[in-house]
Amino acid sequence: MIIAPSLLAADFTKLGGEAARVGRSGAEWLHLDIMDGHFVPNISFGPAVVAAVRPLSKLVFDVHLMCARPEILLEPFARAGADRMTVHVELGRQTTSLIWKIRSLQKEVGLAVNPPTAMEAVEPFLAEIDSLLIMTVNPGFGGQSFITETLPKIQQAFAWRAERGLKYRIAVDGGVDFQTVPLCAKDGADTFISGTGLFSRPNLKTAVAKMRRHAVAACKT
Ligand code: DX5
Ligand code: ZN
């Protein structure tokens, strides 16, 4: 089980302290949401911010590129200290070259799929990725409600992984909180990205531990 707090929900007036706090929270990954104002109707932060907070935490830096042209950003984020980079399958024919590029930068490869996109879109890439990120909200904003209709996608990802003897992680992102974590874990998710669900709690460390307990209790494997 991996818990990945999303920095998007942190207090932006003290990002360094927030990144350090996540580093001490018991979580494994720090999720970094990159929004370009084109692929999604919002803008977050770029490589300079990631580079600035990189020395403050030893966690795996998980960069989620919600960007129309991720090809121009892979090298800058690799230099900024990303350990893994996730691109969206909605970019279509570019997907293969993006996966190769991330691999050539010696970073872990993630592939994300939006709620309206069918799982058939990701199927050709399953053997080439380290994680499949199932979006459980439409990307662009934190604090949205979990879309329960995405749960069958987790089941499908789990079944494909078992049938094909693959090893990719099954991650969920969007509206993940104490109520929705068990639903995802029961269907086979093993990686839980959570912004508001964790940062809205008074104590991040306690919240991460509680989220992990909920995930383990409902876990399918
Ligand atoms: C949504 C982002 C998420 C976001 C999740 O577009 O990809 O990572 O930070 O935020 P919550 O957990 O608040 O839904
Ligand atoms: Zn994200």
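The model shown is predicted, which means the values in this text are computed figures rather than measured ones. (Residues numbered from 1 in each chain as written. Chains lettered and ligands numbered in written order. Predicted model: local features only at pLDDT ≥ 70, side-chain atom pairs only at ≥ 80, totals over all residues. Heavy atoms only, no water.)

Looking at the overall build of the protein chain
Part 1 of the reasoning: For the protein chain, the count of helices and strands is eight helices and eight strands.
Part 2 of the reasoning: What you see for the protein chain is a C-alpha radius of gyration of 16 Å, in line with the 17 Å of a compact globule of 221 residues.
Part 3 of the reasoning: Considered along the principal axes of its C-alpha atoms, the protein chain spans approximately 40 × 40 × 30 Å.
Part 4 of the reasoning: Of all 221 residues assigned to the protein chain, the portion counted as buried reaches 53%.
Part 5 of the reasoning: Contacts in the protein chain between residues far apart in sequence, at least 24 positions, make up 64% of those at least 6 positions apart.
Part 6 of the reasoning: When the accessible area of the protein chain is evaluated, it comes to approximately 9,400 Å², of which 55% is carbon and sulfur surface.
Part 7 of the reasoning: On the protein chain, the mean spot of the 24 positive side-chain charges and the mean spot of the 21 negative ones are 7 Å from each other. (Helix = DSSP H or I, 4+ residues; strand = E, 2+ residues; numbered from the N terminus. Rg over C-alpha atoms; globule rule 2.2 N^0.38 Å. Buried < 20%, exposed > 50% of the residue type's maximum accessible area, 1.4 Å probe, protein only. Contact = heavy atoms within 4.5 Å. Areas by Shrake-Rupley, 256 points an atom, 1.4 Å probe, with all protein chains shown as cover. Lys, Arg positive; Asp, Glu negative; His and termini not counted. Charge placed at Lys NZ, Arg CZ, Asp CG, Glu CD.)

Re the pairing of strand β1 (residues 2-5)
Part 1 of the reasoning: Here β1 shows no split at all, with Ile2 and Ala4 on one side and Ile3 and Pro5 on the other all buried.
Part 2 of the reasoning: Where β1 and strand β8 (residues 191-194) come together, four bridges link them in parallel fashion. The residue bridging Ala4 from the neighbouring strand is Ile193, located in β8. (Pairing = 2+ DSSP bridges.)

Let's talk about the packing of aromatic side chains
Part 1 of the reasoning: Scanning the entire structure with this criterion turns up one aromatic pair.
Part 2 of the reasoning: Each ring, one from Phe12 and one from Phe45, has its centre 6.1 Å from the other, and the planes form 65°; the classification is edge-to-face. A residue pair is termed long-range when its members are at least 10 positions apart, and Phe12 in the loop between β1 and α1 (15-23) and Phe45 in the loop between β2 (29-35) and α2 (47-53) qualify at 33 residues.
Part 3 of the reasoning: Relative accessible area serves as the criterion here: at 42%, Phe12 is assigned to the partly exposed category. (Phe/Tyr/Trp six-rings, centres within 6.5 Å; stacked < 30°, edge-to-face > 60°.)

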